[in-house]
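Each chain, written out:
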Amino acid sequence: MRIDILTIFPEMFPCVLDASILKRAQDKGLADIRVWNLRDWTTDRHKTTDDAPYGGGGGMVMKPEPIFAAVEDIRGEEEVPVILLTPQGRRFTQTVAEELTQQARLIFICGRYEGVDERVREHLVTDEISIGDYVLSGGELAAMVVVDAVVRLLPGALGYERAAAEDSHATGLLEGPHYTRPLLFRGWEVPEVLRSGHHARVAEWRRRQALKRTLERRPDLLATARLTEQDKRWLREMGYHGPFADDGVSQ
Ligand code: 6GU
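### Things to note about the domain arrangement of the chain
Right, on to step 1. Looking at the assigned domains, one finds that the chain contains domain 1 (2-151) and domain 2 (169-251).
Right, on to step 2. Computed from C-alpha coordinates alone, the two centres of domain 1 and domain 2 are separated by 37 Å.

### Re the site of the ligand
Right, on to step 1. Near the ligand the following residues occur: Leu85, Thr86, Pro87, Ile129, Ser130, Ile131, Gly132, Tyr134, Leu136, Gly138 and Ala142.
Right, on to step 2. Within the backbone of Tyr134, a nitrogen or oxygen atom sits 2.6 Å from a nitrogen atom of the ligand.
Right, on to step 3. Within the backbone of Leu136, a nitrogen or oxygen atom sits 3.0 Å from a nitrogen atom of the ligand.
Right, on to step 4. Protein contact buries 100% of the 290 Å² of open area that the ligand shows by itself.
Right, on to step 5. Every element with two or more residues in the shell around the ligand is listed here: strand E5 (82-91) and strand E7 (127-130).
Right, on to step 6. Here the element with the most residues in the shell around the ligand is E5; it accounts for three residues.
Right, on to step 7. Residue composition of the shell around the ligand, by class: seven nonpolar, four polar and no charged.

### Quick look at the packing of aromatic side chains
The description of an aromatic ring pair rests on the distance of the ring centres and on the angle between the ring planes.
Right, on to step 1. Inspection of the entire model under this criterion finds three aromatic pairs.
Right, on to step 2. Between Trp36 and Trp41, the ring centres sit 5.9 Å apart and the planes meet at 70°, which makes this aromatic pair edge-to-face.
Right, on to step 3. Plain terms: the ring middles of Tyr240 and Phe244 are 5.3 Å apart, the flat faces sit at 50° to each other, and that makes the pair tilted.
Right, on to step 4. Given the relative accessible area of 7%, Tyr240 is considered buried.
Right, on to step 5. Given the relative accessible area of 6%, Phe244 is considered buried.

### Topic: the nonpolar core
Right, on to step 1. Of all hydrophobic cores here, the largest spans 33 residues; its most connected members are Ile33, Phe92, Leu100, Phe108, Val146 and Val151.
Right, on to step 2. Within the residue set of this core, elements represented by two or more residues are strand E1 (2-7), helix H2 (20-27), E5, helix H4 (94-100), strand E6 (105-110) and helix H6 (140-151).
Right, on to step 3. For this core, the element with the highest residue contribution is H6, accounting for eight residues.
Right, on to step 4. Membership of the second largest hydrophobic core comes to 19 residues, among which are Ile8, Leu84, Ile107 and Val116.

### So, the environment of Phe92
Right, on to step 1. With respect to the helices and strands, Phe92 occurs in the loop between E5 and H4.
Right, on to step 2. Note on Phe92: relative accessible area 13%, which makes it buried.
Right, on to step 3. With 46 residues separating them in the primary sequence, Phe92 and Gly138 have C-alpha atoms 16 Å apart.

### What about helix H9 (residues 229-237)?
Right, on to step 1. Those residues of H9 lying buried are Asp231, Lys232, Trp234 and Leu235. Buried residues along H9 cover an arc of 160° about the axis, so they all sit on one side.
Right, on to step 2. Looking at the buried positions of H9, the neighbouring elements they touch are helix H8 (199-217).
Right, on to step 3. Directly after H9, the chain includes Gly239, whose backbone phi takes a positive value near 100°.

### So, the pairing of E1
Right, on to step 1. Of all six residues making up E1, six are buried, and the element is well covered by its neighbours.
Right, on to step 2. A two-sided burial pattern is seen for E1, the buried positions comprising Arg2, Asp4 and Leu6 on one face and Ile3, Ile5 and Thr7 on the other.
Right, on to step 3. One ladder, built from six bridges, connects E1 with strand E2 (residues 32-37); its direction is parallel. By the bridge assignment, Asp4 is partnered in E2 with Arg34.
Right, on to step 4. Looking at chain direction, E1 and E6 are connected through five bridges and run parallel. The residue bridging Arg2 from the neighbouring strand is Arg105, located in E6.

Calculation criteria
- Residues numbered from 1 in each chain as written.
- Predicted model: local features only at pLDDT ≥ 70, side-chain atom pairs only at ≥ 80, totals over all residues.
- Heavy atoms only, no water.
- Domains from an automatic or database assignment.
- Near = heavy atom within 4 Å.
- Polar contact = N/O pair within 3.5 Å; in protein donor to acceptor, adjacent residues only side chain to side chain.
- Areas by Shrake-Rupley, 256 points an atom, 1.4 Å probe, with all protein chains shown as cover.
- Helix = DSSP H or I, 4+ residues; strand = E, 2+ residues; numbered from the N terminus.
- Nonpolar A, V, L, I, M, F, W, Y, C, P; charged D, E, K, R; others polar.
- Phe/Tyr/Trp six-rings, centres within 6.5 Å; stacked < 30°, edge-to-face > 60°.
- Buried < 20%, exposed > 50% of the residue type's maximum accessible area, 1.4 Å probe, protein only.
- Core = buried A, V, L, I, M, F, W, Y, C linked by side-chain atoms within 4.5 Å.
- Arc of directions from axis to C-beta.
- Contact = heavy atoms within 4.5 Å.
- Pairing = 2+ DSSP bridges.

Right under this line is the structure:
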């Protein structure tokens with residue numbers, strides 16, 4: 001997958017892109033991630049990328065010309081999704097991350113919070129994404145979040161290939177607790193079942209822990225999670241009274 005990121009702050013990206021799974025994915029040739037400085041497509045002496053808003057008021061607005069010129073250069077003859085990172089976009093979720101992995105290329109435009117000229121959204125952008133209901137100073141951190149979530153899903157990006165499928169949210173549930181050595185740490189022991197070597201008991205315990213944790217922390221997720229009849233029985237025993245995704249669907 002090729003990913004192009006357009007920003008006025010390219011210096012924000014290397015420490016995130018050059019570490020851990022994003023670095024490995026690039027080294028393995030799974031992701032070709034390029035960060036571009038929008039100022040390189042300005043034509044004036046001061047390399048101006050923003051201007052005052054028509055109609056007055058505070059804040060600055062990103063000018064359309066450098067953004068159009070950059071995207072048109074970067075995409076060439078290909079049809080590439082152009083994603084604007086903005087707090088007004090659709091909310092980013094694991095499902096959106098999975099959807100984006102289906103693309104051969106992605107172009108991200110990092111908007112500044114005050115805004116981008118509306119003609120960019122109307123005539124260039126094909127999708128707008130927000131990473132949550134809070135305000136960031138610009139789209140750069142959001143672009144890093146989205147790129148990380150997408151690239152780690154590319155086959156071969158994780159050392160342990162089943163890990164992505166088992167992640168919190170990939171299953172629609174939060175993960176249960178994890179333990180490693182030592183067996184006894186400051187008097188606190190690892191649960192006996194995990195040391196039993198009994199794979200079926202371990203799997204059942206983990207599933208119940210995932211259900212319990214989701215019920216305690218994010219009961220809203222239970223309404224859409226994919227659950228077995230056994231899962232539902234356990235949840236009812238744990239006191240969950242809410243709906244399930246397939247309520248009313250006859251088997
Ligand atoms: Cl994509 N941009 C900005 N500026 N703030 C945000 C955001 C994006 N997502 C959440 N807050």
